[in-house]
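Listed here are the chains, written in short residue letters.
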Amino acid sequence: MSYLVIYDGNCNLCVTGVQILETLDKGQLFRYVPMQDESTLQQWGITPQDCELGMILIDVDAPERRWQGSAAVEEIGRLLPNGSVFVDIYRALPGVKWAGDRFYEQIRDHRYTIFGKRSSIYESAYCIDSGCKVFKKDG
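Residues numbered from 1 in each chain as written. Predicted model: local features only at pLDDT ≥ 70, side-chain atom pairs only at ≥ 80, totals over all residues. Heavy atoms only, no water.

A. Main features of the overall build of the protein chain. Counting its secondary structure elements, the protein chain contains six helices and four strands. Its helices and strands taken in sequence order, the protein chain reads β-α-β-α-α-β-β-α-α-α from the N to the C terminus. With the C-alpha coordinates of the protein chain rotated into their principal frame, the extents come out at 45 × 35 × 25 Å. Among the 139 residues that make up the protein chain, the fraction classed as buried is 42%. Taking the intrachain contacts of the protein chain between residues at least 6 apart in sequence as the baseline, contacts between residues at least 24 apart amount to 62%. For the protein chain, the accessible area works out to roughly 8,100 Å², and carbon and sulfur atoms hold 57% of it. Considering the protein chain, the positive charge centre built from 15 side chains and the negative charge centre built from 19 side chains are found 3 Å apart. (Helix = DSSP H or I, 4+ residues; strand = E, 2+ residues; numbered from the N terminus. Buried < 20%, exposed > 50% of the residue type's maximum accessible area, 1.4 Å probe, protein only. Contact = heavy atoms within 4.5 Å. Areas by Shrake-Rupley, 256 points an atom, 1.4 Å probe, with all protein chains shown as cover. Lys, Arg positive; Asp, Glu negative; His and termini not counted. Charge placed at Lys NZ, Arg CZ, Asp CG, Glu CD.)

Structure, rendered in structure tokens:
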């Protein structure tokens with residue numbers, strides 16, 4: 001089983017999160033594509049407007065199974081070794097998930113202001129097609 005993580009390749013916080021996952025997972029479970037790679041996203045039926053709601057996680061073996069925003073973060077956490085224990089506690093504590101969802105939305109909407117914007121798009125070594133490419137966005 002493998003998963004596709006769609007992240008903002010211009011976002012410092014998002015890229016740091018991807019780099020941490022790359023270190024933990026080493027491409028065993030997760031592959032990555034930046035939101036700026038519109039041609040790859042099109043293959044998965046994802047539009048730039050879809051990406052405005054936050055990161056996306058897709059089960060590659062069952063692409064209809066998708067999570068977005070804080071739900072994607074939770075599912076990634078659940079999939080990591082021993083992560084389900086922490087996610088289950090997070091979800092069980094009254095009000096914590098609601099607060100976490102609101103926190104995610106605030107970070108998502110202000111990520112460049114708070115954490116800065118990269119001068120170039122980060123492209124993971126663990127991309128979806130194993131033929132990682134460096135691409136340039138027009139404009």
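B. Seen up close, the pairing of strand E2 (residues 30–34). Taking burial as the measure, the five residues of E2 include four buried ones, the bulk of the element. For the handedness criterion, the β-α-β arrangement of strand E1 (residues 3–7), helix H1 (residues 12–25) and E2 is classed as right-handed. (Right-handed = clockwise from strand over helix to strand, strands pointing away.)

C. Spatial organisation of the sheet that holds strand E4 (residues 66–68). Strand order across the open sheet formed by four strands is E2-E1-E3-E4, with mixed pairing between neighbours. The two strands at the open ends of the sheet, each matched to only one other strand, are E2 and E4. Each neighbouring strand pair of the sheet contributes to a mean axis angle of 20°, computed without reference to strand direction. Of the strand pairs in this sheet, strand E3 (residues 56–59) and E4 are connected by three bridges, and their pairing is antiparallel. (Pairing = 2+ DSSP bridges. Axes fitted to C-alpha atoms, helices over the stretch in contact; angles between N-to-C directions.)

D. Layout of the pairing of E3. Residues Ile56 and Ile58 point to one face of E3 and Leu57 and Asp59 to the other, with burial holding for every one of them. When E1 meets E3, the two strands line up antiparallel, connected through four bridges. Bridge pairing links Val5 to Leu57 in E3.

E. Region of interest: the packing of helix H4 (residues 70–79) against helix H6 (residues 96–115). Close contact between H4 and H6 brings their axes to 9 Å; oriented N to C, the two are set at 115°. The residues of H6 that touch H4, namely those facing Ser70, Val73 and Glu74, are Lys97, Asp101 and Tyr104. Of the residues assigned to the contact of H4 with H6, the class counts are two nonpolar, one polar and three charged. (Nonpolar A, V, L, I, M, F, W, Y, C, P; charged D, E, K, R; others polar.)

F. View of the packing of aromatic side chains. Per the stated rule, a full pass over the model turns up three aromatic pairs. Centre to centre, the rings of Tyr3 and Phe30 are 6.2 Å apart; their planes meet at 45°, and the pair counts as tilted. Separated by 27 residues along the polypeptide, Tyr3 in strand E1 and Phe30 in strand E2 bring together distant segments of the chain. With a centroid separation of 6.2 Å and an interplanar angle of 55°, the aromatic rings of Tyr3 and Trp67 are classed as tilted. Of this pair, Tyr3 sits in strand E1 while Trp67 sits in strand E4, and the two are 64 residues apart along the sequence. Among the residues examined, Tyr3 registers a relative accessible area of 1% and is labelled buried. When its relative accessible area of 18% is taken as the criterion, Trp67 is described as buried. Put simply, the rings of Tyr3, Phe30 and Trp67 touch in pairs and so form one group of aromatic residues. The side chain of Arg111 reaches across the aromatic face of Tyr112, ending 5.0 Å from its centre. (Phe/Tyr/Trp six-rings, centres within 6.5 Å; stacked < 30°, edge-to-face > 60°. Lys NZ or Arg CZ within 6 Å of the ring centre and 35° of its normal.)

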